[in-house]
Amino acid sequence: MKLLVTGGAGFIGSAVVRLAVARGYAVVNLDALTYAACLENVASVADHPDYAFEHVDIRDGTALDTVFAQHRPDSVMHLAAESHVDRSIDGPGAFIETNVTGTYTLLQAARKYWEERGRPEGFRFHHISTDEVYGSLGDTGLFTEETAYAPNSPYSASKAASDHLVRAWGETYGLPVVLTNCSNNYGPYHFPEKLIPVLILNALAGKDIPVYGAGKNVRDWLYVEDHADALLTVLEKGKLGRSYNIGGENEARNIDLVEMICAILDRVRPANRPYASLITFVEDRPGHDLRYAIDPSRIRQELGWRPSVTLEQGLEKTVRWYLENEAWWRALQDRDGVGKRLGTTPNG
Ligand code: NAD
């Protein structure tokens, strides 16, 4: 099975690439290498005979046609996206271009390739999306696959639009699509401007640990390697035209998450005062959704998938990974525009 993975130099895409190669897939990693990419994330498979990299932008239809013709993939997993909510508030244009126009361009290229090959039955276009398309929950309730879309940020609106395009290409042209909507991921290779790395790295540097508002926002955290495993499960066993919500069954308020990380650091890298003394509350961001939580019944019951780690276990693995991979995150912090965001705009 040859898999074309878009966005495979990013956080989740690289976990998919590493896992797919380990499971015997041939993988073509297609990525435009934006600020969020890091080829170091896939260094462990770079020399593998079943791995290839294509430096291509998903908005470039001609280049996509060439990749499809040269590599002849059996399926596509589409993860390439602008993914940072705070960046979407500062500059929404790039999110429309990549997440909406880019997804449209990729769908057209995939459809052309699939039709020219005589519509092979096993072909899948698997679109990877977020639970943020559903908007915000109150104190109770869960997102199911039937929850109405109500995106609140430019990021989630652009992802919602891309979900609708994928669904429509399935309904209108018969393209064999599957969709997944996932909760917040964390784990190794998470870009240093995202919430959990910011919390860990600020704590290690003895800087303030920023928490939006009163820290009451709730997220349902999923360890990235569990997400990659769920995605391959859906690719292999998911029903055509169906969408699956993927969650970690790990709801936590931001303040509780921060306190868990501080407690792990106190244990594995003790400092001269408790890390929790660095916690500082900062002004909430506009349109900040209160709570996301996933009902994972469908993926659990239909496909038998469950996360392998609890939040506590995944956080400990993550903290240890950041402690052992300082060269990786220091290089990214030095990138233009990243370091100055640290500690001011945490986001999941
Ligand atoms: P990321 O920002 O770490 O990686 C995105 C990758 O896409 C980068 O390597 C980037 O270079 C590439 N890319 C961006 N624009 C491109 C373009 N025009 N052409 C080709 N490549 C391009 O993102 P991530 O956190 O790994 O998220 C991957 C996918 O999963 C996204 O679609 C995102 O919406 C979705 N998702 C993320 C989360 C999360 O918690 N991070 C949760 C649910 C869903």
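Residues numbered from 1 in each chain as written. Predicted model: local features only at pLDDT ≥ 70, side-chain atom pairs only at ≥ 80, totals over all residues.

**Some remarks on the site of the ligand**
In the vicinity of the ligand, 31 residues are found, and the nearest of them are Gly-7, Gly-10, Ala-32, Ala-37 and Ala-81. Looking at the shell around the ligand, the elements that each hand over two or more residues are α1 (11-22), α4 (93-116) and β5 (124-130). Looking at the shell around the ligand residue by residue, the classes come out as 14 nonpolar, twelve polar and five charged. (Near = placed C-beta within 6 Å. Helix = DSSP H or I, 4+ residues; strand = E, 2+ residues; numbered from the N terminus. Nonpolar A, V, L, I, M, F, W, Y, C, P; charged D, E, K, R; others polar.)

**Observations regarding the packing of helix α8 (residues 254-268) against helix α10 (residues 311-324)**
The N-to-C vectors of α8 and α10 enclose an angle of 55°; their axes lie 10 Å apart at closest approach. It follows from the interaxial angle that α8 and α10 lie oblique. Here α8 and α10 pass one another in a crossing that is right-handed. Contact residues: Met-260, Ile-261, Ile-264, Leu-265 and Val-268 in α8; Glu-312, Leu-315, Glu-316, Val-319 and Arg-320 in α10. Split into classes, the residues belonging to the contact of α8 with α10 amount to seven nonpolar, no polar and three charged. (Axes fitted to C-alpha atoms, helices over the stretch in contact; angles between N-to-C directions. Parallel < 35°, antiparallel > 145°, perpendicular 65-115°, else oblique. Left-handed = near helix turned anticlockwise from the far one by under 90°. Contact = placed C-beta atoms within 7 Å.)

**A look at the environment of Arg-335**
With respect to the helices and strands, the residue Arg-335 is situated in the segment after α11 (326-333). Residue Arg-335 is classed as partly exposed on the basis of its 14 C-beta neighbours within 10 Å. The sequence separation of Arg-335 and Tyr-35 amounts to 300 residues, and the corresponding C-alpha distance is 7.9 Å. (Buried ≥ 20, exposed ≤ 12 C-beta atoms within 10 Å, placed from the backbone.)

**Description of the domain arrangement of the protein chain**
Taken domain by domain, the protein chain consists of domain 1 (2-184 + 223-246) and domain 2 (195-219 + 251-292 + 309-341). A separation of 27 Å is found between the C-alpha centroids of domain 1 and domain 2. Counting residues at the interface gives 18 residues for domain 1, matched by 14 residues for domain 2. Partitioned by chemical class, the residues of the side of domain 1 that touches domain 2 number six nonpolar, seven polar and five charged. (Domains from an automatic or database assignment.)

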